[in-house]
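Working through the structure, step by step
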Amino acid sequence: MNAQHPKKKNRKKKPTRVDCPYYKHKNYMIDRYGVPMFRVPIDLGFGCPHRNSDGSGGCTFCYEDGGRAEQTLIANSIEEQISGGIAFARSRYSATKFMAYIQAFTGTFASASEQKTIYNKLLQQYPFDAVSIGTRPDCLPPSTLEFLQELSKRLEVWVELGVQTTHDQALKRINRGHDWESSKRAIIKLHNMGIMVTVHLMVGLPGETIEDNIKTAERIAELPINGVKIHNLHIMHGTELEREYREKPFIVYAEDEYAEILIDMLRRLPPDVAIMRINTDTPADRLIAPLWQMSKPAFINYVINSMNKRNIQQGDLFKG
Ligand code: SF4
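This report concerns the structure included in the present document. Only a predicted model underlies this, so the values are computations on that prediction, with no experimental measurement involved.

1. What to know about the site of the ligand
The immediate surroundings of the ligand are formed by C48, R51, G58, C59, F61, C62, F105, R136 and R176. Taken together, the residues of the shell around the ligand break down into five nonpolar, one polar and three charged.

Laid out in structure tokens, this is it:
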């Protein structure tokens, strides 16, 4: 049976594991399901409504593959992506619970009936306990919302919304094609339908200040969300952002600079919200900036140690 959709009344609940000063996604899932939930990345090949048919256009930071996970790039079919992902998780982590993670491009960019057919097939074939679908706030028409609500009766449904920032000027500059108001509407609508909501945020968008990032965390904290993914902006080869950066370079944060902003944001988020990511991987041959010395795990440890040393944690500046 699905775990119950958490109501947002008990937001003062602290993370149950004290070793990490923020509520890691893994711990959130253990608290919810008793064991970690392993995410299996899947590319359903729906494409992106915000790009032209030849692949041009779209968000200025987006690489041509729309953020596909490496595992899905080497598989030949959807079935291969899933069986490979499940087999890997079972042998490497002794995983017993799985979440289908529809993450490349826009996971709801298909008709509701097409989505229904695909999910029915997947859920019959594979032992998924939950599904997480990455999409844009403006790609949730009524027919899709209806389908997601129906799906949520069979298993837990999460929607990961690319919000990025709550500032319209920055959204315009990165050519997101939607405003903050549409993100806010989508979050509330999904929550009211019993769907779990994760928001993606980016730090270091051109033209944004530290105060803007903090304001974004405070605005997001007021909404009924269940998870947050944050990462610093990566400038990749071949993107519109690369051209902009080369023409007129803007500030790109070093590890310690980004860590300070991130910590300030985490402190303003509710303590019961899962922190699903605080940094991101970009293959070295794609990345132009920033070129960090720290590896991904080293950065995570740096943030945890910095917060522990100062005795601060996620939510201690949350206004409630
Ligand atoms: S970030 Fe998402 S919405 Fe923007 S161009 Fe890439 S796939 Fe499309």
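2. Observations concerning the sheet that holds strand β2 (residues 97-102)
Read across the open sheet, the seven strands follow the order β1-β2-β3-β4-β5-β6-β8; overall the sheet is parallel. A single partner strand is all that each edge strand has here, and the edge strands are β1 (37-42) and β8 (274-277). Neighbouring strand axes in the sheet, compared pairwise and without regard to direction, differ in orientation by 25° on average. Across the sheet, helix α7 (residues 180-192) lies against β4 (156-164) and β5 (196-203), angled at about 170° from β4, the strand it touches most.

3. Description of the pairing of strand β6 (residues 227-232)
For β6, a buried count of six out of six residues is recorded, marking the element as mostly surrounded by other parts of the structure. The sheet contact formed by β5 and β6 spans six bridges and is parallel. Bridge pairing in β6 links H200 to K229. In this fold, the crossover linking β5 to β6 by way of helix α8 (residues 210-221) has right-handed handedness. Pairing of β6 with β8, which is carried by three bridges, proceeds in the parallel orientation. By the bridge assignment for β8, K229 is matched with R277.

Rules behind the numbers
Along every chain, residues carry numbers that run from 1 in the direction the sequence is written. Given that this is a predicted model, residues contribute local features only at a pLDDT of at least 70 and side-chain atom pairs are listed and counted only at 80 or more, while totals for whole chains, interfaces and linings are drawn from all residues. To get the side-chain values, take all heavy atoms of the structure and skip hydrogens and water. We define proximity as follows: a residue is near a molecule or strand when any one of its heavy atoms falls within 4 Å of that partner. Charged means Asp, Glu, Lys or Arg here, nonpolar means Ala, Val, Leu, Ile, Met, Phe, Trp, Tyr, Cys or Pro, and polar covers whatever is left, Gly included. Between any two strands, at least two bridges found by DSSP are needed for them to pair. A run of H or I in DSSP becomes a helix once it reaches four residues, and a run of E becomes a strand once it reaches two; helices and strands are each numbered from the N terminus. Axis definition: a line fitted to C-alpha atoms, over the contacting stretch in the case of helices. Angles run 0 to 180 degrees between N-to-C directions. Contacts are residue-level and defined by heavy atoms, with any inter-residue pair within 4.5 Å sufficient. Burial classification: accessible surface area is computed with a 1.4 Å probe over protein chains only, and a residue below 20% of its type maximum counts as buried, one above 50% as exposed, and the rest as partly exposed. A clockwise path from the first strand over the helix to the second, with the strands pointing away from the viewer, defines a right-handed crossover.

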